[in-house]
Amino acid sequence: MKLLILCAWLFLVPEIQSLEIIAGDFSDVSPVGTPGSDKIVDGPSVNINKYERRQKRSDDNSKEEDEDHIDEHITIHSYKVKSIITSRFAETVFSTKVVNKDSSPQNVVFTVEIPKGAYISNFTMTVNDITFVGSVHETSVARKLYAEALAQGKAAGILRTSAHEMESFKAEVNVPGGSKVSFELYCQELLQRRLGFYEQTIILRPGSLVKQLQVDVYIFEPQGISRIEAPNMFGTQFDGVIRITKGENKAHVSFKPNLDQQRKCPNCTDTAIDGRIIVRYDVKRELNGGNLQVSNGYFAHFFAPDNLPPLPKNIIFVIDVSGSMWGIKMKQTVEAMATILSDLRPEDQFTIIDFNHNIRFWNQHLVPATPNQIEDAKKYIEKIQPSGGTNINEAVLSAIYILTEANNLGLLDPRSVSFIIMVSDGDPTVGEIKLSNIQKNVRRKMQEDISLFCLGIGFDVDYDFLERIALENRGVARRIIANVNASSQLKDFYEEVATPLLRKIDIHYGDDVTDVTQSSFDKYFSGSEIIVAGKLAEKKPSPLQCLVTASSANNDLMFQVDSPTDELDKILAKQKYVLPEFAKQLWAYLTINQLLSERVLAQSALQKRNITSRILAIALVHQLITPVTAMMVENDETGQRLLADSPKSTRNGCCTGTPIIGKKTPAIPTWAKKSYSTPQPPQQLIRPEVDSKVGMNVPVTSVENDPHFIIHLPKSKQDICFNVNPQPGKILNLVSDPIRGIAINGKIIGGKQTKNGKLNTYFGTIGLHFTNLNLSFEINTEKIHLKDGQHKTLLWWSESSILTHAGVVVSVQRNNNVTITVGEDMVFLILLHRVWKNHPTNVDFLGFYAPPTNNFSTSVHGLIGQFIHEPEVNVYDIHQGSDPDKPQATMEVKGHRITVTRGLQKDYRMGTVNGTDVQCWFIHNSGKGFIDGHFKDYLVPHLYSFLNHP
């Protein structure tokens, strides 16, 4: 009989080692050594061995006994896994209860395999009503306590490392006759986003039927869950047994097969369960600046923008073709490279270096990823015949030289990213073979904008070396399991880095937080996620704010993110299956992992000791087994102790980044400054520069609700107003300047219903098209779309942000306005008007503002564009009208003599709710006589159309 519980999350092929506790005989509450002649069976299972030879089960045993027993006398009463995931942070509990119904003692081995990225946080074991509870200590202290117990004959076990891939937590106990034993193990881990999903895998191989078999995964994501899946991996007989319940923010995945469902066949006593439960999910994302969550005095910032054009890549594949790669390794590498090369984009540049004791080049220069070049590269790879030694040093230095030379010659797109992907299966045997010297050579030659990714095939390769050299050069290392679908593993890794979206990401937090984890990152890849965590200072900020800066393929971006500091705790308190201290444990997890990576790269013994001390302090507070801590599992009454030590290393690779220094944000004019300028970062954060030449008192031309127009005429110092009333769905041209290549149009929307017999109309979408810049903007009440040729970038009204591109600056103030500045002589402001969602008649709409200083050509026209070149206006014969508060007058303009009325209109720049009153002369009859022609002459077919005007 075997029972296995395996907890695993699929990551970048985790580096994992094993943990093992071997406990003695607890039949009389006193320890014994190795159990007699009984052999401990290694491996991920629960083994039950009798001291006496088992009798063969008779053929006439009842079905009821089959259901309750997995052995003659041993019953696994329950086999349960419960995982609670809150904001990507998972705590998984494995619990098993076993009953020995025989009078003879039985050996029971409890094994849980967890990935290297998970930290054990607690373990309890109850044997014959004696409970052993775990507590974490510094490793030397725990070993000393264990040694003391050993000297007194009360030490019952020790933990050791063995396997390459999994940490195997193993506890073996001798269960007295007629007694029971229960195990409970806790582990914690932060789920990483890969290829657009968070993924948790729980492998189930119970080996026999289990009376109570149950798996529950509870997920709570404050951002909302966008998608979740848990495919049946066990076979058709389990269709419908895995159940998913999903709400807006939470989900529950359950697997609870009964005994009949577990059987291989109707009368079988063997289990059909041998496989894994995989839960994949992703969260909703509407903010490019990420989601900032504050809980219990800690914060977690999740940054994963989408809808961005990919950065061009300069990539060199460095492939080991030494003799050890012969056979299946080379075959699978060639197969993977064929797919990888096909996935290169036309804007990418690449070449291939293959090496054994010699260095060979498919091409000594980077070449564009054209179909012909890709096909030629595939043929080159297919002809490789592995042989000879391994000259890693020369191969990597050659790749660095090619990229450096191309950069020096100006052959690389300044917004592109450069990286080297090296695939090797062995240690260096030719040339420089001292690993520390290779590391120094690469560090000395490597440029700061090049990343090195190292893929180690199999276990002959020195993976620790590959990890060190990758971490030191802004990359990561990955172990590729040889002969286990290595081709797929190589392709999966490339897919993770195939679409870089951002470079030079820098996240700034104010003085309201302390102990912030890594906040500068070299690159961000599509489908992944950047996570930053920290502590709140004693004084709670409200809201907590941060500023994110980054560069995309076409733009420089800046986002302001803020979050209240007390709302999330209230939400969590109402949930049953959540981790109330998720942010605290997430911070500890991230901090320890990053410190372990720093420890790997420590240049001196003193530096390493200081880092170790910091890891130890955090691990003790948060009770986590790490490379510098161990768990003492003991019973106070009996004095018996078990030692749960750690593997050699549980570190995860962590990306590095370079802060943006001395980078200036283009100026935003202050006529739109006060409540809607650049995002206002918290105190002490980097602030955008602001032009202070023009203030809020500058009159502007505007288009507002129903839609009314205010035309400011600076020469005559007059403001003229008029209304138009087109049908919903129509598009009006506001500005059309074919010489400057600028078209600005507005699409009309209607209210929800008529009011006083009239349907109010508004601008629901504003389109701006700049032909000479190949840029278009589509701004509606939900999003701001920037189109640059074939690429599109999305900004959201729900976050403050700045985007710069080709001399254009787009500044969004959250839920208020967007300012578009073109060069130094043109700027536009679009205001967002939000209304109560249940308002009986009104809808959200946009307002448009432009100063008279915008530098258009003499050919400019449109409903407001025609007044850029101010007409001569003469107002006279001012007299009282039918409304005593609204005097009338006669206006001469464009050869027309028209009657006008003095009244008030609203300028909403100082506040989108109440606005500021503006005195203006109102033109009746939809601006007749003031505008050229009829307002219907300004209807255009598309948002980016120019006006057909003679």
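Not measured: the values here are computed from a predicted model. (Residues numbered from 1 in each chain as written. Predicted model: local features only at pLDDT ≥ 70, side-chain atom pairs only at ≥ 80, totals over all residues. Heavy atoms only, no water.)

> What is the right way to look at the pairing of strand β46 (residues 791–796) in this model?
With six bridges connecting them, strand β45 (residues 783–788) and β46 associate as antiparallel partners. When the sheet's bridge partners are listed, K787 is paired in β46 with K792. (Pairing = 2+ DSSP bridges. Helix = DSSP H or I, 4+ residues; strand = E, 2+ residues; numbered from the N terminus.)

> What is the right way to look at the environment of G153 in this model?
By secondary structure assignment, the location of G153 is in the loop between α2 (139–151) and β9 (155–157). Measuring from C-alpha to C-alpha, the distance between G153 and G639 comes to 9.8 Å, with 486 residues separating the pair along the chain.

> Would you explain the state of the cysteines in this entry?
Each disulfide is one covalent bond, formed between the sulfur atoms of two cysteines. If you walk through the whole model with that rule in mind, you get two disulfides. Note on cysteine connectivity: C265 is disulfide-linked to C268, with sulfurs 1.6 Å apart. Across the S-S bond of C265 and C268 the torsion is about 85°, and the bridge reads as right-handed. Covalently, C721 is tied to C920 through a disulfide, its sulfur atoms 1.8 Å apart. Taking the sign of the torsion about the S-S bond as the criterion, the disulfide between C721 and C920, at about -120°, is left-handed. (Disulfide = S-S within 2.5 Å.)

> Looking at this structure, how should I read the sheet that holds strand β31 (residues 530–536)?
Hydrogen bonds between backbone groups are what pair the strands of a sheet, and the pairing can be parallel or antiparallel. The sheet built from four strands is open, its strands ordered β19-β20-β31-β29 with antiparallel pairing. Every other strand in the sheet has two partners, leaving β19 (291–295) and β29 (513–514) as the edge strands with one partner each. Note: β19 against strand β20 (residues 298–303), five bridges, orientation antiparallel. The residue of β20 that forms the bridge with N291 is F302. Across the face of the sheet, helix α11 (residues 582–600) comes into contact with β19, β20 and β31 while running at roughly 115° to β31. (Contact = heavy atoms within 4.5 Å. Axes fitted to C-alpha atoms, helices over the stretch in contact; angles between N-to-C directions.)

> Got a minute to help me understand the packing of aromatic side chains in this structure?
Within a pair of aromatic rings, the relevant descriptors are the distance that separates the centres and the angle that separates the planes. Scanning the model with the defined rule gives 23 aromatic pairs in all. Between Y298 and W587, the ring centres sit 5.8 Å apart and the planes meet at 50°, which makes this aromatic pair tilted. Here the residue Y298 occupies a position in strand β20, and W587 occupies one in helix α11, the gap between them amounting to 289 residues. No difference in accessibility class separates Y298 from W587, as the two residues are buried. Measuring from centroid to centroid gives 5.9 Å for F828 and F848, while their planes differ by 25°, and the two rings are stacked. Pair noted here: F828 is in strand β50 (residues 826–833) and F848 is in strand β51 (residues 845–850), with a separation of 20 residues, a long-range link. The class for F828 is buried, based on a relative accessible area of 0%. The exposure class of F848 is buried, given its relative accessible area of 0%. One aromatic cluster is present, built from ring pairs that chain together F419, F453, F493 and F525. In this arrangement the basic side chain of R227 is found over the ring face of F197, its NZ or CZ atom lying 4.1 Å from the centre. (Phe/Tyr/Trp six-rings, centres within 6.5 Å; stacked < 30°, edge-to-face > 60°. Buried < 20%, exposed > 50% of the residue type's maximum accessible area, 1.4 Å probe, protein only. Lys NZ or Arg CZ within 6 Å of the ring centre and 35° of its normal.)

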